[in-house]
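Here is how the chains run, residue by residue.
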Amino acid sequence: KSFESKFIKNIDRRQKDLCGEKYKNNTVSDFFICSSHNPFLTGFLKYDYSSLDMMKKCIIYGSRYIELEIMNNEIKNDTIPVVGSGNKEGSMLYSQNIITCQKVFDAIGNIAFSEKYLDNYREPFFIFLNLKLNNNLETLNKLYDIIQNSIGHRLLDHTFSREKKNIAQTKMCH
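Parameters and conventions
Residues numbered from 1 in each chain as written. Predicted model: local features only at pLDDT ≥ 70, side-chain atom pairs only at ≥ 80, totals over all residues. Heavy atoms only, no water. Phe/Tyr/Trp six-rings, centres within 6.5 Å; stacked < 30°, edge-to-face > 60°. Helix = DSSP H or I, 4+ residues; strand = E, 2+ residues; numbered from the N terminus. Buried < 20%, exposed > 50% of the residue type's maximum accessible area, 1.4 Å probe, protein only. Axes fitted to C-alpha atoms, helices over the stretch in contact; angles between N-to-C directions. Parallel < 35°, antiparallel > 145°, perpendicular 65-115°, else oblique. Left-handed = near helix turned anticlockwise from the far one by under 90°. Contact = heavy atoms within 4.5 Å. Nonpolar A, V, L, I, M, F, W, Y, C, P; charged D, E, K, R; others polar. Arc of directions from axis to C-beta. Polar contact = N/O pair within 3.5 Å; in protein donor to acceptor, adjacent residues only side chain to side chain.

(A) Examining the packing of aromatic side chains more closely. With the rule as written, the count across this model stands at one aromatic pair. On the basis of an interplanar angle of 75 degrees and a centroid distance of 6.1 Å, the ring pair of F113 and F125 is categorised as edge-to-face. Here F125 lies in the loop between α3 (101-111) and β5 (126-132) and F113 lies in the loop between α3 and β5, a separation of 12 residues in the sequence. Exposure class is identical for F113 and F125. Each is buried.

(B) Highlighting the packing of α3 against helix α4 (residues 137-151). Where α3 contacts α4, the axes come no closer than 9 Å and their chain directions differ by 25 degrees. On the basis of the axis angle, α3 is roughly parallel to α4. For α3 against α4, the interelement crossing comes out right-handed. The segment α3 lies against α4, with C101, Q102, F105, D106, I108 and G109 engaging L143, I146, I147, S150 and I151. Classifying every residue of the contact of α3 with α4 gives seven nonpolar, three polar and one charged.

(C) Helix α2 (residues 52-60), seen in detail. Of all the residues in α2, the buried ones are L52, M55, C58 and I59. Along the axis of α2, the buried positions cluster into a sector of 120 degrees, meaning they face one direction only. If you follow the buried residues of α2, they end up packed against β1 (35-37), β2 (65-72), β4 (99-100) and α3. For α2, the N-terminal capping position is held by S51, with its side-chain oxygen 3.3 Å away from the main-chain nitrogen of D53. Remark: G62 follows α2 within two positions and exhibits a positive phi of approximately 125 degrees.

The quantities given are spatial measurements derived from coordinates; they are silent on function.
Structure (structure tokens):
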């Protein structure tokens, strides 16, 4: 049997509902959150392939916090944001291929908040964006548009911006 079939067979789905009656008044800081650093990579942090399917599986298997490296597709001002593995400045790509941010955020929107794929779809989903854009404001603006159009309705409201509210002290579910 495959890992997936054993995992799905043995999981107690009721214990995962942190937005149910038992935990609804707890804050985010009361929990450990499953995470994944560069969930799009298929095995190694450098010189490996990027896979949208790998990222989807990480989310389906329980990650509610992911870290993504966002880079320029090309070294020019008018380019698109992509997800891949690269150096600190983002000028050198280490992964064998890249995935467009549009595909990544569409997948996050379709899976992370979907009852079709997850029982814990109502729980918060955290995304850390490691921006390696080399101060390219055009790419940053395009990334903003992509995020707003794909998962913008799922983002926290303005009261959480500029350190007005501590996310860790808010209730797990709204």
